[in-house]
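# Descriptive structure summary
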Amino acid sequence: MFHSIMESTCIACTSYTNPYLKSLFLLWHTVLTLLLIVESQHCLSSSPKMVILPLKTQVIPSGLVPRSPNKLPFHHNVSLTVSLTVGTPPQNVSMVIDTGSELSWLHCNKTLSYPTTFDPNRSTSYQTIPCSSPICTNRTQDFPIPASCDSNNLCHATLSYADASSSDGNLASDVFHIGSSDISGLVFGCMDSVFSSNTDEDSKNTGLMGMNRGSLSFVSQLGFPKFSYCISGTDFSGLLLLGESNLTWSVPLNYTPLIQISAPLPYFDRVAYTVQLEGIKVVDRLLPIPKSTFEPDHTGAGQTMVDSGTQFTFLLGPAYTALRTAFLNQTDSVLKVLEDPDFVFQGAMDLCYLVPLSQRVLPQLPTVTLVFHGAEMTVSGDKVLYRVPGELRGNDSVHCLSFGNSDLLGVEAYVIGHHHQQNVWMEFDLEKSRIGLAQVRCDLAGQRYGVAL
């Protein structure tokens, strides 16, 4: 998600990292159907097994997410969340899934602002982590703010965000129950102090599930060698696989390596899913953008991150300007530009068009292709433009180019959002340090795995 793209890429505190700022980017109020296939390993079981949890898509009122101890209901509300149980006896929690964050955490202090919390005093399997523990001293090195030692000699974590939101508390471990599997000793943050700029939305969730490459992320602690997901291009249903997907029925994946820089740099997130963007095509013509534009500089600024939680794709100024100019030239005869300098969608998208409400189908639009080292991602059709919800100008709706300018947000990075990952099989191969891409029909992929999307 977009809050996470700068989790450790900006100075001492992170830039744009509020775990609930996804309200800027996730505007759908639907349950996200996901098939969760868990290849149990390590702490899950001594012998591998599969747990298949099919889920249904339904439109629901905000906050009324069905919970079941043996299912993982994913949904798009203001964020992508999963419901599960934690502790002994189990307590229901709802966690924001974040592929750009490392530490999973739960609200542990019940207040009027945060009525949905995890109570560690009710869990007999809950254990605190002392600051002398190797977990605290050796495995928190990639935290944006270093872990510290509190007055009780417990490992203390602080998360601070650019919008003045913050949370802090102690590292702990407990049992996480996912379907029929019990994950013992999973490390998370038990946060007793949370300050938010968006309390109404924050209070709907119990915490956050970190899924990046850090040693304390949820996926790292479970020891999965890879995970994959596929988001439908019609209703934002999809499927998520943890473990080996055995994608023999699909077209071959094209792989692009994950970029790693071992030295700590102020603007480079070492545990993000970073790839090398090498160019941008419009209608198969490569734009005249120097390759150096896409390479991180000596501070780490300019990395390209793949983020399933961010809605749109954001490009640094020079690349965005080149794409904007080329797209504008290609569409000047078929689309009417919205001439309103005061309207910038989501603060970063300033190329918008007026489309008559009577026009049900957009004209043929130029394709935009992101060229990575070894792979490409092509955005076509109505995925190139995004209709702004509720925005009308007379008898016209407003559609904006679904690429934004990172510079307008103060973000020193390229971010590939999930809007452009629809109907693309995305495989995160942690073992071989690469990401695989393939154009597929995600609804058909769901059928292959025994669930109808």
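The rules behind the values
- Throughout this document, residue positions are counted from 1 along each chain, in the order its sequence is written.
- Given that the model is predicted, a residue must reach a pLDDT of at least 70 before its local features are reported, and side-chain atom pairs must reach 80 or more before they are shown or counted; all residues, however, enter totals for whole chains, interfaces and linings.
- Side-chain measures here rest on the full set of heavy atoms in the structure, leaving out hydrogens and waters.
- By the convention used here, strands pair only if DSSP detects at least 2 bridges between them.
- By definition, any uninterrupted DSSP run of H or I lasting at least four residues is a helix, any uninterrupted run of E lasting at least two residues is a strand, and each is numbered from the N terminus.
- Here, residues are in contact when the closest pair of their heavy atoms is within 4.5 Å.
- Axis definition: a line fitted to C-alpha atoms, over the contacting stretch in the case of helices. Angles run 0 to 180 degrees between N-to-C directions.
- Salt bridges, as used here, are contacts in which a Lys or Arg side-chain nitrogen is within 4 Å of a carboxyl oxygen on Asp or Glu.
- When a residue's accessible area, from a 1.4 Å probe over protein chains only, is under 20% of the maximum for its type it is buried; when over 50% it is exposed; and in between it is partly exposed.
- UniProt positions are given in the numbering used here, feature names are shortened, and annotations may be inferred rather than shown by experiment.

### Brief notes about the sheet that holds strand β25 (residues 385-393)
Read across the open sheet, the four strands follow the order β21-β22-β26-β25; overall the sheet is antiparallel. Pairing within the sheet leaves two strands with one partner each, and these edge strands are β21 (336-337) and β25. As paired strands, strand β22 (residues 352-356) and strand β26 (residues 396-401) are joined by five bridges and run antiparallel to one another. In the sheet register, Y353 faces β26, and the bridge partner there is H399. Contacting β21, β22, β25 and β26, helix α4 (residues 317-331) crosses the sheet at an angle of about 25° to β22.

### Quick word on the pattern of salt bridges
Here the idea is simple: oppositely charged side chains can pair when their charged atoms come close. The tally for this structure, following the rule as stated, stands at nine salt bridges. In this structure, the salt-bridge partner of E427 is K226, at a minimum N-O distance of 3.7 Å. Highlighted residues: E427 in strand β29 (residues 424-429) and K226 in strand β13 (residues 226-231), separated in sequence by 201 residues. According to the relative accessible area criterion, E427 is buried, its value standing at 2%. Using a relative accessible area of 9% as the deciding quantity, one classes K226 as buried. Of the charged contacts, one joins D340 and R393 as a salt bridge, the two residues approaching to 3.1 Å between their closest N and O atoms. Here D340, found in the loop between β21 and β22, pairs with R393, found in strand β25; they are 53 residues apart in sequence, far enough to count as distant. Taking relative accessible area as the criterion, D340 reaches 22% and is therefore assigned partly exposed. We classify R393 as partly exposed; its relative accessible area is 27%.

### What to know about the UniProt feature "active site" (unreviewed entry) in the chain
Cross-referencing UniProt, the feature "active site" (unreviewed entry) maps to D98 and D307 in the present numbering. These annotated residues cover 210 residues of sequence, and their C-alpha atoms all fall within 8.4 Å of one another, placing them together at a single site. The topology assignment puts D98 in strand β5 (residues 91-98). If you trace the backbone, D307 turns up in the loop between β19 (303-306) and β20 (313-315). A relative accessible area of 2% places D307 in the buried class.

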